[in-house]
Amino acid sequence: MTVTLDARTGGFPGFGEDAPLDLGNLPASAVAGLVSRFRNGTMPDLSDALASVGNCSHPIHLHGTSTTIDTATGQVLSEYSSADAPLGVLLRPCGNRRADVCPACSRTYARDTFAMIRSGLLGGKTVPETVADNPLVFATFTAPSFGHVHGTRPKNGHKSGGRCRPYDRTKTCPHGRPKACMTVHTEADPAVGAPLCSDCYDWTSAVIWQWHAPELWRRFTIALRRALVSHLDTTDKALRHRASVQYAKVAEFQARGLVHFHALIRLDGPNGPGSPSPVDGATLARLIRDAAPAVRVEAPPVDGADVPRMLAFGSQLDVRTVRTGLPQTLNPYGPDATQVEDPRTSDTLVPEQVAGYLAKYSTKSTGTDPDARPAHHRRLVRTCRWLAERARTACRGLAGPDPEDDDGCVCGQCEDSPYRLLGKWAHMLGFRGHFSTKSRRYSVTLGRLRAARAKFARLRADADRTGQPLDTRDLEARLLADDDATTLVIGDWHYTGTGWTTDGEKELAEAAAARAREYAQWKARRTA
Ligand SMILES: [Zn+2]
Ligand SMILES: [Zn+2]
Ligand SMILES: [Zn+2]
Ligand SMILES: [Zn+2]
């Protein structure tokens, strides 16, 4: 079944009679649902409803009313009821971050993340533009190795094309498996990321590392501040009078099922975002390179049969200066003078590319379809559940009571185990952190960007209703401003469900979302 979008956007080949939406192979019942909307004249309402939630796959249904009142005069400014909405119900986008759950909302999330990261790089959206003058470093923190895994290898300057693990082919591991793999893997190869020997691979340590990865990052930020304290010859307490470290970071799952952190780290001076930094980007990069390898987290054993572990980041640490941001008062004869790079030659990364790169990763989950995980990801999921179970009954370990008698904790303390919640995060392979995080003063918050979008939707709806054109003067500043208290919204809303009425409508939403994405890409190419 195909449906044509009615829009007049000059030149885009994806609109009009010649470019119907591909709705896949819909079951007859779903087609019937859409056809009946054409018949009874509610198709335009469905179109409006789709537009109102930006083609969300699982919109939230709300019934109720709200009234906006001027707090100074008590005058009712507007009233809204879900009965007036296109399908008689107020639909709100689900807001899911993950592209595999809701393509449309995940794009909104990626766009907000991009705007948030970009503002921290270049200013704008309430962030002073002088942040663009400050030193900026892009760093990638990896997981250590827990055994050899299959992978794509570089060759002749290309990312792939090399043999997986060229090694003496006669050598085997204690389990009799070859230590070599002469295959040239492609990225699509499901073997990529899987261990050469699943019995040699240290699954438990891999999961325990992933569980503590957010803590490793937190300790890195502390270590970097300490390094700055020592470099600036100041004290922990007085550092805020000299400099402030701000960052945005995203977690990205690698093929082996462990996360990397990609971080943009900016150094501000003492007077907030964009105030001149006391050191340049090359120095900041050096302090990061020195601080990261020394970061440690001691992980307690899971139970009596386990051992404590000293966790660290992997030895592959990539630290690159995006902007040197020369300090305001540079002493050319000072001890740091030789470390100052020429900003024209050191700017190897384009800030906006980095923002796009990070935003892209912010909508991924574990990188694989949860219904079709590769075997080594399934093994990590099982390891998480198994470790959680061991932690829950750790007292029943080596010297514990007879496991035949009882099936739970007998000491009453196992519930304090740091690993008791591992099972809950098994679907994330034990990673419980946020996919995208930022320090408080790095940039505008995603919450404020969301509020601005909601405000814009209200203003546009008001403009449509009243026929008054939207006042675009200082629009962005007004949208991002903290709400003033001159109006009060009184609402009474009830949640009545989630999703579209039929599979056909969901299919239509996703096809329209895909077309909107194509349009955005087409537009980006035209303006590039
Ligand atoms: Zn959604
Ligand atoms: Zn291989
Ligand atoms: Zn082995
Ligand atoms: Zn116990």
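Residues numbered from 1 in each chain as written. Chains lettered and ligands numbered in written order. Predicted model: local features only at pLDDT ≥ 70, side-chain atom pairs only at ≥ 80, totals over all residues. Heavy atoms only, no water.

### Comments concerning the pairing of strand 3 (residues 60-70)
Along any regular strand the residues' side chains alternate between the sheet's two faces.
Thinking step 1. Summarising burial for strand 3: eight of the 11 residues are buried, a large majority.
Thinking step 2. In this structure, strand 3 lies alongside strand 5 (residues 90-92), joined through three bridges in antiparallel fashion. The partner of His61 across the bridge, within strand 5, is Leu91.
Thinking step 3. Looking at chain direction, strand 3 and strand 4 (residues 76-81) are connected through five bridges and run antiparallel. Bridging across to strand 4, Ser66 finds its partner in Tyr80.
Thinking step 4. From the end of strand 3 to the start of strand 4, which pair antiparallel, there are five residues, and Gly74 there has a positive phi angle of about 80°. (Buried < 20%, exposed > 50% of the residue type's maximum accessible area, 1.4 Å probe, protein only. Helix = DSSP H or I, 4+ residues; strand = E, 2+ residues; numbered from the N terminus. Pairing = 2+ DSSP bridges.)

### What about the side chain of His61?
Thinking step 1. Within the secondary structure, His61 sits in strand 3.
Thinking step 2. Within the local environment of His61, its side chain forms a polar contact with the backbone oxygen of Gly499, the two atoms lying 2.5 Å apart.
Thinking step 3. Discounting residues that sit within four places of it in the chain, His61 has contacts with Val89, Leu90, Leu91, His494, Tyr495, Thr496, Gly497, Thr498 and Gly499. (Polar contact = N/O pair within 3.5 Å; in protein donor to acceptor, adjacent residues only side chain to side chain. Contact = heavy atoms within 4.5 Å.)

### Looking at the environment of Arg379
Thinking step 1. Within the fold, Arg379 resides in helix 8 (residues 375-392).
Thinking step 2. Ignoring sequence-local partners within four residues, the contact set of Arg379 consists of Ser198 and Trp203.

### Considering the coordination of the zinc ion (ligand 1)
Thinking step 1. Only Cys56 (SG), Cys94 (SG), Cys102 (SG) and Cys105 (SG) from the protein coordinate the zinc ion (ligand 1), and they sit 2.3 Å from it.
Thinking step 2. Taken together, the four donor atoms coordinating the zinc ion (ligand 1) and their angles of 103 to 113° define a geometry best described as tetrahedral.
Thinking step 3. Written as a sequence motif, the donor arrangement for the zinc ion (ligand 1) is C-x37-C-x7-C-x2-C. Of this pair, Cys56 sits in the loop between helix 2 (43-52) and strand 3 while Cys105 sits in helix 3 (residues 103-122); the two residues are 49 residues apart in sequence, bridging distant segments of the chain. Of the two residues, Cys56 and Cys105, both sit in the buried class. (Donors = N, O, S within 2.8 Å, 3.2 Å for Na, K, Ca; no water. Tetrahedral: all angles 85-135°; square planar, octahedral: opposite > 155°, others 65-115°.)

### Details of the packing of aromatic side chains
Thinking step 1. Counted under the stated rule, the structure contains 12 aromatic pairs.
Thinking step 2. Consider the rings of Phe431 and Phe435, whose centres lie 5.7 Å apart with planes at 85°: the pair is edge-to-face. By the burial criterion, Phe431 is buried, and Phe435 matches it.
Thinking step 3. Ring pairs connect the aromatic residues Phe141, Trp217, Phe220, Tyr247, Phe253, Phe261, Phe313, Phe431 and Phe435, which therefore count as one cluster.
Thinking step 4. When the ring centre of Phe435 is taken as reference, the NZ or CZ atom of Arg97 above it lies at 4.1 Å.
Thinking step 5. In this arrangement the basic side chain of Arg432 is found over the ring face of Trp211, its NZ or CZ atom lying 3.8 Å from the centre. (Phe/Tyr/Trp six-rings, centres within 6.5 Å; stacked < 30°, edge-to-face > 60°. Lys NZ or Arg CZ within 6 Å of the ring centre and 35° of its normal.)

### Remarks on the sheet that holds strand 10 (residues 259-268)
Thinking step 1. Taking strand neighbours across the sheet as the criterion, the five strands line up as 13-6-10-9-14 in an open arrangement whose pairing is antiparallel. For this open sheet the edge positions go to strand 13 (317-323) and strand 14 (436-438), each flanked by a neighbour on one side alone. Strand-to-strand, the axes of this sheet are offset by a mean angle of 15°, without reference to chain direction.
Thinking step 2. Sheet topology note: the strand 9 (residues 244-253)/strand 14 ladder contains three bridges and is antiparallel. Residue pairing across strands places Lys249 opposite Thr437, the latter belonging to strand 14.
Thinking step 3. Helix-sheet contacts for helix 3 involve strand 6 (136-141), strand 9, strand 10, strand 13 and strand 14, and the interaxial angle to strand 14 is about 30°. (Axes fitted to C-alpha atoms, helices over the stretch in contact; angles between N-to-C directions.)

Without other data, these values stay purely geometric and don't point to any function.
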